[in-house]
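Read off the chains here:
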Amino acid sequence: MKIATIAQDPQCLHDIQKYLANVNMSLPMVAITGGAQQIPAVIEQEHPDLLLLEGIKLNPGEQQILRVVTSRFPDLGVIMVCPPQPQEFLLEAMRVGVREVVPTPINQHVLIDAVERFQQRMAIAKAPLHQGKILAFMPCKGGSGATFLASNIAYTLAALENKRVILFDFNLQFGDASLFVHDGASATSIADVTRQIQRLDGSFLSSSSIHVLPNFDVLPAPDEPEKAAEIKPEHIQALMKVARKHYDFIILDIGRAFDAISIQCLDQADLIFPVLQQTLPFIRDAKRVINTFNSLGYPEDKIRLIVNRFGKKDDITLADVTNTLKLEVFKAIPNDYSVVAESVNQGIAVTKLARRSAVAKSLQEMAHELTRGNEQSGLLKKLFSFNAIPLMS
Ligand SMILES: Nc1ncnc2c1ncn2[C@@H]1O[C@H](COP(=O)(O)OP(=O)(O)O)[C@@H](O)[C@H]1O
Ligand SMILES: [Mg+2]
């Protein structure tokens, strides 16, 4: 923060500089003896964040100068230093853009408090808005494992990476995502939130969700189709905007259909994970899904292909998948029938149930890569540099 002081009284100017330097020697400062006429030149040449003014009487000429400067530089803070004044004077000062008035004789603490208040306000204004990442999981064909992966990645990001996570189940007709990580029914759903969209904020979103962990909320799909019909495409943007502010990761389990709501979700997503398995019917449908992403205008680096139930000995290799779909595989999640079946049947995430199983480890790796923002695991990259056999033209 840069501070410029303009004062009529040289002694006052000296005191102000001394007090400011006592607190922070390294603050860049400009000190000028003079009046309101100096203000425009100081602002334009020095670009201070904060202007301290002494000796201003707020006569019409001074008011005009201050009004112009504070309108042209709305982020500039102006603090006036002057003898105690009546209420009308203070109001007039506020009207021309002065933020605070510090009375003379100057008390160091009063001056520093006023400067620090401005500094804090500036820090808040400049802090970047919290922007959580939206990750959408979409099955290329029913039974790919998209819901299993979405719910388990969400759990793992919260449990092991300490992120604040919310999982939205956008399989609006027959959603089951909450049952993969939680064993009870829920009284509320996405429809209850969108019905009162004007009330939507972080605490309403969280209080409508199931708290699977203190930092992991799940908002299930509605339990009846009529309620699902109440959710409109125009609700999605508002929902995502609030979710981004309050969570680090927003995980969307999206059904197979491309409709107005799923496309809104995909548009909002930072990354889309189409999920497929290593057999021809899945690969065929994956091709269609990826073509649709292309026609929706999504850039290639928004799409992260996941091969689920991966088996090293399967006829179709990861290289085949890449060659056919013209996309690298972001992650291959191993097939682990007994662990996954037990997890799904009990409604307990694999990371909790069998943390050392191959499938849980693979999810943990993926969660870790996502928090590091890693592009791709080195191993997979190597896999694709050779052995490529075209499968479909
Ligand atoms: N990596 C895996 N290993 C073994 N079984 C899996 C795996 N992933 C998913 N499954 C099984 O596949 C079933 C279907 O998964 P689901 O996530 O409901 O698919 P989708 O949402 O794509 O239709 C799950 O109930 C689970 O039993
Ligand atoms: Mg599903």
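What comes next concerns the included structure. (Residues numbered from 1 in each chain as written. Chains lettered and ligands numbered in written order. Predicted model: local features only at pLDDT ≥ 70, side-chain atom pairs only at ≥ 80, totals over all residues. Heavy atoms only, no water.)

## Quick look at the packing of aromatic side chains
Two aromatic rings, taken as a pair, are described by how far apart their centres are and by the angle between their planes. Operational definition: Two rings belonging to Phe, Tyr or Trp (six-membered ring only in the last case) form a pair when the distance between their centres is within 6.5 Å. Interplanar angles under 30 degrees mark stacking, angles over 60 mark edge-to-face geometry, and anything in between is tilted. Helix numbers and strand numbers start at the N terminus; a helix is a DSSP run of H or I with at least 4 residues, a strand a run of E with at least 2. Summary of the burial criterion: residues with accessible area below 20% of their type's maximum are buried, those above 50% are exposed, and those between are partly exposed, where the area comes from a 1.4 Å probe applied to protein chains only. In this analysis the charged atom, NZ for Lys or CZ for Arg, is taken to sit over a ring once it is within 6 Å of the ring centre and within 35 degrees of the ring normal.
In total, this model carries 6 aromatic pairs according to the counting rule given. The interplanar angle of 75° and the centroid separation of 5.9 Å between the aromatic rings of F258 and F293 together place this pair among those described as edge-to-face. Here F258, found in the loop between β10 (249-254) and α11 (260-268), pairs with F293, found in helix α12 (residues 280-295); they are 35 residues apart in sequence, far enough to count as distant. We classify F258 as partly exposed; its relative accessible area is 29%. Residue F293 is classed as buried on the basis of its relative accessible area, which comes to 0%. Pairing F273 with F330 gives two aromatic rings, centres 5.7 Å apart and planes at 55°, and the pair type is tilted. Of this pair, F273 sits in strand β11 (residues 271-276) while F330 sits in strand β13 (residues 329-334), and the two are 57 residues apart along the sequence. By relative accessible area, which is 0% here, F273 ends up buried. Cluster of aromatic residues (ring-pair linked, three or more members): F137, F273 and F330. If you follow R199 out to its NZ or CZ, it ends over the ring of F204, 4.1 Å from the centre.

## Structural notes on the pattern of salt bridges
Under the convention used in this document: For this document, the term salt bridge refers to a Lys or Arg side-chain nitrogen within 4 Å of an Asp or Glu carboxyl oxygen.
For the structure shown, the criterion picks out 14 salt bridges. For the salt bridge of D285 with R288, the shortest nitrogen-to-oxygen distance reads 2.7 Å. Residue D285 and its partner R288 are located together in helix α12, separated by 3 residues, close to a single helical turn. Overall, D285 belongs to the buried group, its relative accessible area being 8%. In this structure, a network of salt bridges that share partners links the residues K141, R256, D285 and R288.

## Some remarks on the pairing of strand β6 (residues 133-139)
What counts is decided by this rule: If DSSP finds at least two bridges between two strands, the strands pair.
Among the 7 residues that make up β6, 6 are buried, leaving the element largely enclosed by the rest of the structure. Looking at chain direction, β6 and β10 are connected through 5 bridges and run parallel. Bridge assignment links I134 to a residue of β10, and that residue is I250. The pairing of β6 with β11 spans 5 bridges and is parallel. Within the sheet, the bridge partner assigned to L135 lies in β11 and is L271.

## Details of the packing of helix α6 (residues 146-159) against helix α16 (residues 358-372)
Counted only if it meets this: Structural elements are reduced to axes, namely lines fitted to C-alpha atoms, with helices fitted over the stretch in contact, and the angle between N-to-C directions of any two is expressed from 0 to 180 degrees. For classification purposes, angles smaller than 35 degrees are called roughly parallel, those larger than 145 roughly antiparallel, those between 65 and 115 roughly perpendicular, and all remaining angles oblique. Crossing chirality is assigned from the near helix's rotation relative to the far helix, an anticlockwise turn below a right angle marking it left-handed and a clockwise turn marking it right-handed. What makes two residues a contact is simply this: any of their non-hydrogen atoms within 4.5 Å. For this classification, Asp, Glu, Lys and Arg are treated as charged, while Ala, Val, Leu, Ile, Met, Phe, Trp, Tyr, Cys and Pro are nonpolar and the rest, including Gly, are polar.
Interaxial distance between α6 and α16 falls to 9 Å at its minimum, and their mutual angle equals 65°. Judged by the inter-axis angle, α6 sits roughly perpendicular to α16. Taken as a pair, α6 and α16 cross one another with a handedness that is right-handed. In this structure, α6 uses F148, L149, N152, I153, T156 and L157 to contact α16, whose residues at the interface are V359, L363, Q364, M366, A367, L370 and T371. The residue inventory of the contact of α6 with α16, partitioned by class, reads 9 nonpolar, 4 polar and no charged.

## Considerations on the nonpolar core
Here is the rule we go by: In this description, a nonpolar core means a group of buried Ala, Val, Leu, Ile, Met, Phe, Trp, Tyr and Cys residues linked to one another through side-chain atoms lying within 4.5 Å.
Counting 50 residues, the largest nonpolar core has F168, F170, L205, L252 and L276 as its most contacted members. With 6 residues, α12 is the single largest residue contributor to this core. Discounting residues that sit within four places of it in the chain, F170 has contacts with I190, I236, L239, M240, L252, D253, I254, G255, I261 and C265. Counting residues in each nonpolar core, the second largest holds 40 residues, with F148, V212, A360 and A367 among its members.

## Details of the environment of V212
Of note, V212 is situated in strand β8 (residues 210-213). Along the sequence, V212 and V181 sit 31 residues apart, while their C-alpha atoms lie 7.3 Å from each other. With residues near it in sequence (within four places) discarded, V212 still touches Y155, V181, H182 and V218.

## Thoughts on the pairing of strand β5 (residues 100-103)
Convention followed: A right-handed crossover is one whose linking path, passing over the helix from the first strand to the second, runs clockwise when the strands point away from the viewer.
Of the two faces of β5, only the one carrying E100 and V102 is buried; V101 and P103 on the other face are not. In this sheet, β5 lies alongside strand β4 (residues 77-82) in parallel orientation, the contact comprising 4 bridges. Within the sheet, the bridge partner assigned to M80 lies in β5 and is V101. Following the backbone out of β4, through helix α4 (residues 87-95) and into the adjacent parallel β5, one traces a crossover that is right-handed.

## Let's talk about the sheet that holds β4
Ordered by their spatial adjacency, 5 strands build an open sheet running β2-β1-β3-β4-β5, and the pairing between neighbours is parallel. A strand with exactly one partner marks an edge of an open sheet, and here the two such strands are β2 (29-33) and β5. Looking at each pair of strands side by side, their axes are set apart by 20° on average, direction ignored. Of the strand pairs in this sheet, strand β1 (residues 3-7) and strand β3 (residues 50-54) are connected by 5 bridges, and their pairing is parallel. Paired with A7 across the two strands is E54, which belongs to β3. Packed on one face of the sheet, helix α5 (residues 108-126) meets β1, β3, β4 and β5 and runs near 165° to β5.

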